[in-house]
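Chain by chain, the residues run as shown.
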Amino acid sequence: MSEIDEGLERAERTRPIPQSVSARMRFLLKGAKGSTKQLAQELGVSQRTVQRWLKGQAAPKPAAAKKVEERVRAKWQPKVKQRVRNAAETNGFMLHISGTFGYSSAAGSTDDPRPRTITQKMPGEVARRLYEARDAGAGQAEQERILAEGLREHYFKDGGHRARGLDVELNDVSWMDLEGL
């Protein structure tokens, strides 16, 4: 999962997902209507294995633990996720980012990459494009390109009021967080 995907996911949650395997299994069991057999089929393991994980008698192997975590993340607070997404696409979001930005501009300016820490309100259009890219399975590079384009227009160019001809590239993300408005 990329840094940008994680940022989108953090923005969508009001409560953290369960941390222990048994707590995650109890959450998934509710979705399976209390059927350990159905949950075992969903996870691709035996019913007895699911029962052991629920009781904390055994720990899943890394691949199985990852599958359990992915299932929990996918099913955790779906109404909250949709409400946050709709709000971000309508009102925009606050972007907090620290990374290395590359520039190309008119003659006489430098194009050396520079580290920057930026806090900027981004419009709903950028949020919509980020969510669509994530839903389509876009990688980190594509999402960084979308963020760089948004920052170029709304932070560096100030909506077309300055820095004509400037092109911005996001080379590296040190950390990033998204916050709803």
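Look above for the structure.
The shown structure was predicted, so the numbers you read here are calculated from the model rather than taken from an experiment.

A.B. asks: Any chance you could explain the overall build of the protein chain here in plain terms?
C.D. replies: Tallying secondary structure elements over the protein chain gives eight helices and three strands in all. Counting helices and strands in the order they occur from the N terminus, the protein chain gives α-α-α-α-α-α-β-β-α-α-β. The C-alpha radius of gyration of the protein chain comes to 21 Å, more than 25% above the 16 Å expected for a compact globule of 181 residues. By the burial criterion, 38% of the 181 residues in the protein chain qualify as buried. Look at the contacts in the protein chain between residues 6 or more apart in sequence, and 67% of them connect residues 24 or more apart. Of the accessible surface of the protein chain, which amounts to about 10,200 Å², a share of 49% is contributed by carbon and sulfur atoms. The protein chain carries 32 positive and 24 negative side-chain charges, and their two centres are separated by 13 Å.

A.B. asks: Any chance you could explain the nonpolar core here in plain terms?
C.D. replies: The tendency in soluble globular proteins is for nonpolar side chains to be buried as a group. Counting 27 residues, the largest nonpolar core has Leu 95, Ile 97, Phe 101 and Leu 147 as the members making the most contacts within it. Secondary structure elements with two or more residues in this core: helix H1 (3-12), strand E1 (93-104), strand E2 (114-122), helix H7 (124-135), helix H8 (140-156) and strand E3 (167-180). Excluding residues that lie within four positions of it along the chain, Leu 95 makes contacts with Ile 118, Thr 119, Gln 120, Met 122, Leu 147, Leu 151, Met 176, Asp 177 and Leu 178. By size, the runner-up hydrophobic cluster in this structure holds 14 residues, among which are Ile 17, Met 25, Leu 43 and Val 68.

A.B. asks: Hey, could you run me through the environment of Thr 117 in this one?
C.D. replies: If you trace the backbone, Thr 117 turns up in strand E2. With 46 residues separating them in the primary sequence, Thr 117 and Ala 163 have C-alpha atoms 19 Å apart. In this structure Thr 117 touches Ile 97, Ser 98 and Trp 175, once residues within four positions along its chain are discounted. Here Ser 98 takes part through its side chain, which lies 3.4 Å from a polar atom of the side chain of Thr 117.

A.B. asks: Help me out: how do you make sense of the layout of surface pockets in this one?
C.D. replies: Vacant regions in the atomic arrangement are exposed by a probe of water-molecule size rolled over the atoms. Roughly 220 Å³ of internal volume is contained in the largest pocket. Around the largest pocket, the lining comprises 13 residues; the ones closest to its centre are Glu 9, Glu 12, Arg 73, Lys 81 and Arg 134. Elements with a contribution of two residues or more to the lining of the largest pocket: H1, helix H5 (62-75), helix H6 (78-91) and H7.

A.B. asks: Even after reading the chapter, I still don't get the side chain of Gln 143, so can you show me in this structure?
C.D. replies: With respect to the helices and strands, Gln 143 occurs in helix H8. In contact with Gln 143, not counting residues within four places along its chain, are Ser 2, Ile 4, Asp 5, Leu 130, Ala 133, Arg 134 and Ala 138.

A.B. asks: Would you mind showing me how to read the pattern of salt bridges here?
C.D. replies: Between side chains of opposite charge, pairing is possible as soon as their charged atoms come close. Applying the stated criterion to the full structure yields 13 salt bridges. With a shortest N-O distance of 2.8 Å, Asp 135 and Arg 85 are connected by a salt bridge. Of the two residues, Asp 135 sits in helix H7 while Arg 85 sits in helix H6, which places them 50 residues apart along the sequence. Assessed through its relative accessible area of 17%, Arg 85 is described here as buried. If you follow the salt bridges from partner to partner, you end up with Arg 85, Glu 89, Arg 134 and Asp 135 in one network.

A.B. asks: Mind showing me how you'd approach empty space enclosed by the protein here?
C.D. replies: In the structure shown here, the tally under the stated rule is one cavity of 30 Å³ or more. Contributing to the lining of the largest cavity are Leu 8, Ala 11, Val 84, Ala 88, Phe 93, Ala 127, Leu 130, Tyr 131, Leu 178, Glu 179 and Gly 180. For the lining of the largest cavity, the elements supplying multiple residues, two or more each, are H1, H6, H7 and E3. Tallied by class, the residues present in the lining of the largest cavity amount to nine nonpolar, one polar and one charged.

Scoring rules and cut-offs
- Residues numbered from 1 in each chain as written.
- Predicted model: local features only at pLDDT ≥ 70, side-chain atom pairs only at ≥ 80, totals over all residues.
- Heavy atoms only, no water.
- Helix = DSSP H or I, 4+ residues; strand = E, 2+ residues; numbered from the N terminus.
- Rg over C-alpha atoms; globule rule 2.2 N^0.38 Å.
- Buried < 20%, exposed > 50% of the residue type's maximum accessible area, 1.4 Å probe, protein only.
- Contact = heavy atoms within 4.5 Å.
- Areas by Shrake-Rupley, 256 points an atom, 1.4 Å probe, with all protein chains shown as cover.
- Lys, Arg positive; Asp, Glu negative; His and termini not counted.
- Charge placed at Lys NZ, Arg CZ, Asp CG, Glu CD.
- Core = buried A, V, L, I, M, F, W, Y, C linked by side-chain atoms within 4.5 Å.
- Polar contact = N/O pair within 3.5 Å; in protein donor to acceptor, adjacent residues only side chain to side chain.
- 1 Å grid on protein atoms, 1.4 Å probe; cavity = no way out; pocket = protein on both sides within 12 Å on 5 of 7 lines; lining within 4 Å.
- Points joined across faces, edges and corners; volume = space filled by probe spheres on them.
- Salt bridge = Lys/Arg side-chain N within 4 Å of Asp/Glu carboxyl O.
- Nonpolar A, V, L, I, M, F, W, Y, C, P; charged D, E, K, R; others polar.

All quantities given are derived from atomic positions and should not be read as evidence of function.
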